[in-house]
Amino acid sequence: MAKFDIIAATGCPTGIAHTFMAKEALEKAAAERGLTIKVETHGQVGVENELTKSEIAGAKAVVVAADKDVQPERFAGKPMVSVGVSKALSVEAAGKLIDRALAAKGDDTVAAAVDVEDEVEEKESIGHIIYKHLMNGVSHMLVFVVAGGVLTAVSFLWGITSFDSTAADYNSFAAMLKIIGGIAMNLMVPVLSAYIAESIGKRPALVPGFVAGMIAIQGLPVVEGPDGTMLIDAGGTGVGFGFLGGIVGGFLAGYVILLLEKVFAGLPKNLDGLKAIFLYPLFSTLIVGLVMLGISGPMAAINTAMMDFLKGLSASGAVVLGLAIGCMCAFDMGGPVNKAAYVTGTAMLTEALAAGVGTDTYNFGTNFMAAVSAACIVPPLITTFAVIVGKKYFSQEDHDAGVVNLILGCTHITEGAIPFMTKNIWPVMPIMMLGSSIASILTIMFNVHDPAPHGGFLVLPVVENGPLWVLAILIGAVVGGILFVAFKKYDFEKNQKAAPAAPAKPVEAPKAAAVEAPKAEAADFVKVENVFVAEDFASRDEALSFVSNQAVKAGLADDADAVMNAFLTREAEGTTGMMEGFAIPHAKSDAITEAAVIVVKDDSGVTGWDTMDGAPVNVAIALLIPGAQAGTTHLKILSKVAEALMDEDFRATVKGSSDAAEIAKTINARLV
């Protein structure tokens, strides 16, 4: 059985994008450090790449990046870091989590790389614990909402009253679709409540959780007595308190189970079976049921007040409501704020479908849902527009991701825009929020109604005023895309100006000669003439400019400006400054003709280079990779250098020596 240095588990509420983005970031970060890793994903299709007991036992440390229950108790006793999935969406952030996890083991070498603000926390914050339990319920609930909502919406294709046997447009198949969809939608609150409870109290909490959810739907049933007083009666009618009630009931059920576990802890061990099948379900259901019925009145009032508040925003005008929806959906693109807006939309839609076509509740709820969907679709489309129109300002990796985002955006998956935002939160986040807000505002103004909670453009046939909805989304995407391109153009030109002009290209090292030159063997990858000691650089950019110019002089590249720009592009994505005076800058460019390593030393230290421990850089091991070898030679060399830097003897030799031959020999030995 293979052993791994790091094991990890990732999971997000929807299990669509964040889960696998975090997995990829962790794998890349581990490769940069020369570490082996296995990442278990908790997606919408279930657990994949599941960790075995032996793999858990053999790992050095654990990283949990999840907003849902991934059974972290399996890792008890292991050095572990547990955060929300949004904290592991970039390679840089994932790398810090790996460093923190290893630092928890007491590894002094790794501990030096941990930033002060990223010190390992012994316990998860209360806020994240609550959010994780809530999102466990939401993740299970959403599939019911999507299935039920889309089936209900499809039934409208035969007519808005085609499910009604007394209507002129009645269709028996449409009626069946409406029944099936309605049942799925009605399970939304019980499932939400049950799986919030399950996240807290595990399997025993499912029973009281489901009961709490059902009570939240129907409320306290009453009938009017002979004297006019209201009497509790199972055959009476009650006022449900819906989505909010499901949340309250879920947390109540989960913590009641934890309380009962303490109450019954003194019972003999041989009665564990009795506790699980009789005592826990009986007493938890009784307690939770009584409490839920008791608070039904106040909860119904709160639920009504919330709906009235949202409708009040609509009364303030499309701009106010659309701005609120757009900003929330694009703020964190699938995170807590986005989910709050989306789940509110599904709750409003549930109320709308229950009220029936043609009612004010239906019109408001479906219009609200259309605005939420538009706001979620826009951010990925902004990136698609930007990478196509402003291709020269984006890396090839970003360009490819932006093109893929066309598919993600059209199917209502916002998360594809996250990597673009994390690289430049300001001003990319405001740009995304503006684009989403424009789409939401126009959707409300155009009186668009969407009876389906998900699916993006796939549900266009059931969207009322669908062409105007598409127009609203396109306007938001184009406005945001133009602003995004303008920012990237400004950033690109600024970096070019910051790079000193390259000297005239030496005639003795033309490109043809460089291409035809035989490749260096691994044992001689770092040539002595490419090791520069006793240099004195005023800044990071001066050091990188020196390396770029030396690459041209050595016949390793044919355009110093292009190499410099490649270095700066990589630094903009995340610093290459490491720890204890080392940096690993790397440039991937078609201007580089031969993979090579150039080493520069500055004993006084290069200041202004963002490093993990805040120390100046004394040694920069610069990697030069031809564009065609990106992802192959690049990752191989980078991982070996990163692994070498974990060796104290290697660091001491390279940092302490002033002999270029010795430095070249030491590095070459680690690249074999």
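Structure first, text after, so check above.
These lines cover the structure that appears in this document, whether it is placed above or below. Counting of residues starts from 1 at the beginning of each chain's written sequence and follows it residue by residue. For a predicted model such as this one, the threshold for reporting local features is a pLDDT of at least 70, and the threshold for listing and counting side-chain atom pairs is 80 or more; totals across whole chains, interfaces and linings nevertheless cover every residue. The side-chain quantities take in all heavy atoms of the structure and omit both hydrogens and water.

**Examining the nonpolar core**
Only buried Ala, Val, Leu, Ile, Met, Phe, Trp, Tyr and Cys residues count toward a nonpolar core, and they belong to the same one when joined by side-chain atoms within 4.5 Å. Buried means the residue's accessible area, taken with a 1.4 Å probe over protein chains only, is under 20% of the maximum for its type, while exposed means over 50%, and partly exposed covers the values in between. Counting residues in each nonpolar core, the largest one holds 61 residues, and the members touching the most others are I6, L26, V63, I98, W469, I473 and F484. Here the element with the most residues in this core is helix α14 (residues 360-389); it accounts for eight residues. Contacts between residues were defined by any pair of non-hydrogen atoms, one from each residue, lying within 4.5 Å. Look past the residues within four positions of I6 in its chain and what remains in contact with it is L35, T36, I37, K38, A61, V63, I98 and L102. Under the scheme used here, helices are H or I runs from DSSP no shorter than 4 residues and strands are E runs no shorter than 2 residues, and both carry numbers assigned from the N terminus.

**Regarding the pattern of salt bridges**
Salt bridges are identified by distance alone: a Lys or Arg side-chain nitrogen within 4 Å of an Asp or Glu carboxyl oxygen. In the structure shown here, the tally under the stated rule is 16 salt bridges. With its nearest N and O atoms 2.9 Å apart, the salt bridge here joins R33 to D99. In this pair, R33 sits in the loop between α1 (18-32) and β2 (37-43) while D99 sits in helix α3 (residues 91-103), placing the two residues 66 residues apart along the sequence. Each member of the pair, R33 together with D99, is buried. With a shortest N-O distance of 4.0 Å, D603 and K601 are connected by a salt bridge. Salt bridges linked by common partners bring D69, E73 and K202 together as one network.

**Focus: the sheet that holds strand β4 (residues 61-66)**
For two strands to pair, DSSP has to find at least two bridges joining them. With mixed pairing, five strands are arranged side by side in an open sheet as β3-β2-β1-β4-β5. Strand pairing shows two members of the sheet lacking a second neighbour, β3 (46-48) and β5 (80-83), which therefore form its edges. Each strand axis lies, on average, 10 degrees off the axis of its neighbour in the sheet, ignoring direction. Fitted lines through C-alpha atoms serve as axes, helices being fitted only where they are in contact, and the angles separating the N-to-C directions of these axes extend from 0 to 180 degrees.

**A look at the pairing of strand β11 (residues 596-606)**
Of all 11 residues making up β11, nine are buried, and the element is well covered by its neighbours. Pairing analysis gives two bridges linking strand β8 (residues 531-532) to β11, with the strands arranged parallel. The partner of F532 across the bridge, within β11, is V600. Examined bridge by bridge, β11 and strand β12 (residues 617-626) share seven bridges and lie antiparallel to one another. From the neighbouring strand, A596 faces β12, where its bridge partner is L624.

**Side note on the packing of helix α20 (residues 540-553) against helix α21 (residues 560-573)**
Interaxial distance between α20 and α21 falls to 8 Å at its minimum, and their mutual angle equals 140 degrees. By the angle class used here, α20 and α21 are oblique. You can see that α20 and α21 cross each other, and the crossing is right-handed. When α20 is examined against α21, the residues R540, D541, L544, S545, V547, S548, N549 and V552 are found in contact with a partner set consisting of A560, V563, M564, F567, L568 and E571. Broken down by class, the residue content of the contact of α20 with α21 amounts to eight nonpolar, three polar and three charged. For classification purposes, an angle smaller than 35 degrees is called roughly parallel, one larger than 145 roughly antiparallel, one from 65 to 115 roughly perpendicular, and anything else oblique. By convention, the crossing between two helices is left-handed when the near helix turns anticlockwise from the far helix through less than a right angle, and right-handed when the turn is clockwise. Put simply, Ala, Val, Leu, Ile, Met, Phe, Trp, Tyr, Cys and Pro go in the nonpolar bin, Asp, Glu, Lys and Arg in the charged bin, and everything else, Gly too, in the polar bin.

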